[in-house]
Number of protein chains: 2
Amino acid sequence: MLYIIGLGLGDERDITLKGLEAIQKSDKVYMEAYTSLLSFGLSSDGLSNLEKLYGKPIILADREMVEEKAGDILSEAQHSHVAFLVVGDPFGATTHSDLVVRAKTMGIEVNVVHNASVMNAIGICGLQLYHYGETVSIPFFTETWRPDSFYEKIQQNKNMGLHTLCLLDIRVKEPTLESLCRGRKDYEPPRYMTINTAIDQLLEISQARDEPAYTEDTECVGFARLGSEDQMIVAGKMKQLQLIDFGAPLHCLVITGKTHPLEEEMLDFYRCRT
Amino acid sequence: MLYIIGLGLGDERDITLKGLEAIQKSDKVYMEAYTSLLSFGLSSDGLSNLEKLYGKPIILADREMVEEKAGDILSEAQHSHVAFLVVGDPFGATTHSDLVVRAKTMGIEVNVVHNASVMNAIGICGLQLYHYGETVSIPFFTETWRPDSFYEKIQQNKNMGLHTLCLLDIRVKEPTLESLCRGRKDYEPPRYMTINTAIDQLLEISQARDEPAYTEDTECVGFARLGSEDQMIVAGKMKQLQLIDFGAPLHCLVITGKTHPLEEEMLDFYRCRT
C-alpha cells in the first residue's frame, strides 16, 4: 500500500487525523522535498518536529532520489505500508502523477489523503476561487532566458475579468552549470522567488507591450508563508507591493481581475496603507 | 476569537490536528449546514460521530440561522472562543466572507484553519490544477428557468484548451413556493444534482448551438463523494457517464480540455470500459 499524504501548508499540526493514522500504520515514511516546503521545513528543527509528532523517522526524498529510487520505494510498497508525504495537497500545485501511475501499473494500492493546498488557501484574501482563470508559474529570469509565456495567460484571464494566481519559482538542489560542465554535481544554494522579484519580471514583460494586461497600478495581493502562523497577506497596487519586505519564503501573488463588492470588502482588511 | 475551521471532504477524521485543537479550546461550536455537506452529514449518525470525536456538542447552523443569528454568534465570539465548522475549506467552493467581514468589523480576531476542498481534491483524477479555467456552477433547470450562463464560460475554457470544473446544484431547506404564497415556510426535501442530470442539462444547452463547445462525445470525469472512502471517479464520454449510476451525493463533473500524455496516463486508471 502506498499512502500519499498531504501535510497542508503551515506546520506539523496541519496534518489530518486520517493522515496521521496512515503514517502510524506505515513501515517507512518518505517526505517529498523538491517542489515545495513547509515553513518549518526551512527551520533546522522542522523535520524533527514532524518526527516527534508522528513518532517515526522520516526519509527526505529530493528530486534525484524520487526519480532514481522510485523503483525501490515502490517495491517496498508492494509488500508493506509506505507513506509518501507531500506539502499541501498531493495533487495541488504540483502533481505526483508519475509516482501514482507507476504504482498503479505495478498493482500497488494507492491511498490518497487530501489536505489544503495553495490553490484553495488563497481564498482567504476574499477573492472568490470561482473567479480565477488559469494559474501561471513565473520562472526566474536569467541573463539569457527570459520566458514570458505567462503573460498571454494573464492577459486572457484579465480579458475575462478573472483573477490570476502566480506561483513563484523555487530552485532547490539545482546543480551549478560549472559543475555540470565538469561532469559532477555541486549544488546552488536554494532560491525562492520573492514577490518583489516577481513584480520586477512581470513589469519588465508588460512594459514592452501595447495596451498591457497590467501595469504598476494594477491591484494585486501578495501572500507570504500562506497557512502559517506568521502568514502575511497584503493587497495593493503592484508598485506598492514592490516596496514591501514580505520576509521568508514561500511567496505567491494574485493579480486581481474584476472584483465584486464583497470581494472588495474582504480585500480592504489586507490593504496596504502607504 | 472566531475560529473558522475546514473539515475536509470525507469523514470526521479529515479534520486537521490544528482544527481539532481549536474546537477543543472553543466554548461553542457551530457547523455550517447549508452550502455543502459531508458524506457523513447524510447519515443519521454523522453529527454524533463528529461530537464523539470532538468531545463537544455541535449546533447545526442552516442558512436562516447564520443569516438571522450571525449577530448572536458574533457577540459570543467577542468574549469567548467560538468555532464555526465548514465542510471542505472555509474559502473553497463557497466563501464565508460575509461572516468574516462582520467579525473583523466588530474587532473580533478571526483564525482560519484550512483543509482540502473540492477545488483542489479533483486533482486526484490526474488532470492538472494548472490547466483549469474558470469554475462553473450548474443550477437545476425548472419549467420556467433554464439559465445557461455557464455555457459561455465552458466555451472560453475549451478555446484555451483548459479543463472546466462544474459544481452541481445543492438545494437544502428551500421553502416550497406554495408555502411562501401562504406566508409560512414549509421546506422541500433536499435535492442534490446528479452527474446524469448535469449532463442532460449541459447537452440540452449545447444542442441549440452551432459548433458546440462540447458534445455527447466530449471526454469528462465524473466524481461522486470525492474524498470519502467510497468515492467514485469515472472518466469517459458524456454519453457514457450519462448511463452510470454514481450513487449518493455529492457529485461534480469535469469537462476536459486539451490533455497532456501524463494526464491521459492517470485518466486511464479511471476510464469507463463500456
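Look above for the structure.
Note that this is a predicted model, so its numbers are computed, not measured.

### Observations concerning the interface of chain B and chain A
Item 1. In this assembly, 53 residues from chain B lie in contact with 53 residues from chain A.
Item 2. Interface area, chain B with chain A, both sides summed: about 4500 Å², of which 63% is carbon and sulfur.
Item 3. The interface formed by chain B and chain A includes eight salt bridges.
Item 4. B:Lys18 is the partner of A:Asp11 in a salt bridge, and the nearest nitrogen-oxygen pair spans 3.5 Å.
Item 5. Applying the counting criterion to the chain B and chain A interface returns 16 residue pairs in polar contact (both at pLDDT 80 or more).
Item 6. For the side of chain B that touches chain A, the element with the highest residue contribution is helix α5 (residues 97-105) of chain B, accounting for six residues.
Item 7. Residues belonging to the side of chain B that touches chain A are distributed by class as follows: 23 nonpolar, 19 polar and eleven charged.

### Observations regarding the pairing of strand β10 (residues 219-224) of chain B
All names here are of chain B.
Item 1. In terms of residue burial, β10 counts as a mostly covered element, since five of its six residues are buried.
Item 2. Here β10 pairs with strand β11 (residues 232-237) via six bridges, running antiparallel. Paired with Glu 219 across the bridge in β11 is Lys 237.
Item 3. Strand direction decides the pairing type here: β10 and strand β12 (residues 251-255), joined by five bridges, are antiparallel.

### Quick notes on the pattern of salt bridges
Residues and elements named next belong to chain B.
Item 1. Applying the stated rule across the entire model yields 38 salt bridges over all chains.
Item 2. Linking Glu 152 and Arg 209 is a salt bridge whose minimum nitrogen-to-oxygen distance equals 3.0 Å. In this pair, Glu 152 sits in helix α7 (residues 149-159) while Arg 209 sits in the loop between α9 (195-207) and β10, placing the two residues 57 residues apart along the sequence.

### Remarks on the pairing of strand β2 (residues 28-32) of chain B
On any regular strand, side chains alternate: one points to one face of the sheet, the next to the other face.
All names here are of chain B.
Item 1. Most of β2 sits inside the fold, with four of its five residues counted as buried.
Item 2. Two elements, β2 and strand β4 (residues 82-86), share four bridges in a ladder whose sense is parallel. Residue pairing for β4: Tyr 30 is matched across the bridge by Phe 84.
Item 3. Pairing of β2 with strand β3 (residues 59-61) involves three bridges; the strand directions are parallel.

### Describing the side chain of A:Thr135
Item 1. Looking at the element boundaries, A:Thr135 is found in the loop between α6 (118-121) and β6 (136-138).
Item 2. A relative accessible area of 8% means that A:Thr135 is categorised as buried.
Item 3. Apart from the residues within four sequence positions on either side, A:Thr135 is in contact with A:Met119, A:Leu165, A:Leu167 and B:Tyr130.

### A short note on the sheet that holds strand β7 (residues 164-168) of chain B
Residues and elements named next belong to chain B.
Item 1. The five strands lie next to each other as β6-β7-β12-β10-β11, forming an open sheet whose pairing is mixed. Unpaired on one side and paired on the other, β6 (136-138) and β11 mark the two borders of the sheet. Taking the axes of each pair of neighbouring strands and ignoring which way they run, one obtains an average angle of 25° across the sheet.
Item 2. In this fold α7 packs onto β6, β7 and β12, with an angle of close to 140° to the strand it touches most, β6.
Item 3. α9 rests against β6, β7, β10 and β12 of the sheet, and its axis sits at about 45° to β12.

### What about the nonpolar core?
Item 1. Core analysis: the largest hydrophobic core is formed by 85 residues, its most contacted members being A:Leu2, A:Ile122, A:Phe223, B:Leu2, B:Ile122 and B:Phe223.
Item 2. Among all residues touching B:Leu2, those that are not within four sequence positions of it are B:Leu74, B:Ala77, B:Val82, B:Phe84, B:Leu99, B:Ala103, B:Ile108, B:Glu109, B:Val110 and B:Asn111.
Item 3. Counting 36 residues, the second largest nonpolar core, distinct from the first, contains A:Ile5, A:Leu7, B:Met31 and B:Val87.

### With respect to the environment of B:His163
Residues and elements named next belong to chain B.
Item 1. Within the fold, His 163 resides in the loop between α7 and β7.
Item 2. We classify His 163 as buried; its relative accessible area is 0%.
Item 3. Polar side-chain contacts of His 163 include one of 3.2 Å to the side chain of Glu 263.

### As for unusual backbone geometry
Residues and elements named next belong to chain A.
Item 1. Of note, the amide linkage connecting Pro 249 to Leu 250 takes the cis form, showing an omega dihedral of -5°.
Item 2. Looking at the element boundaries, Leu 250 is found in the loop between α10 (238-241) and β12 (251-255).
Item 3. Of note, the phi angle at Glu 211 is positive, near 40°, even though the residue is not glycine.
Item 4. In this fold, Glu 211 is placed in the loop between α9 (195-207) and β10 (219-224).
Item 5. Glu 211 gets classed as exposed once you look at its relative accessible area, which sits at 73%.

Cut-offs applied
Residues numbered from 1 in each chain as written. Chains lettered and ligands numbered in written order. Predicted model: local features only at pLDDT ≥ 70, side-chain atom pairs only at ≥ 80, totals over all residues. Heavy atoms only, no water. Contact = heavy atoms within 4.5 Å. Buried area = accessible area lost by both parts, 1.4 Å probe. Salt bridge = Lys/Arg side-chain N within 4 Å of Asp/Glu carboxyl O. Polar contact = N/O pair within 3.5 Å; in protein donor to acceptor, adjacent residues only side chain to side chain. Helix = DSSP H or I, 4+ residues; strand = E, 2+ residues; numbered from the N terminus. Nonpolar A, V, L, I, M, F, W, Y, C, P; charged D, E, K, R; others polar. Buried < 20%, exposed > 50% of the residue type's maximum accessible area, 1.4 Å probe, protein only. Pairing = 2+ DSSP bridges. Axes fitted to C-alpha atoms, helices over the stretch in contact; angles between N-to-C directions. Core = buried A, V, L, I, M, F, W, Y, C linked by side-chain atoms within 4.5 Å.

Shape descriptors only; they carry no functional weight alone.
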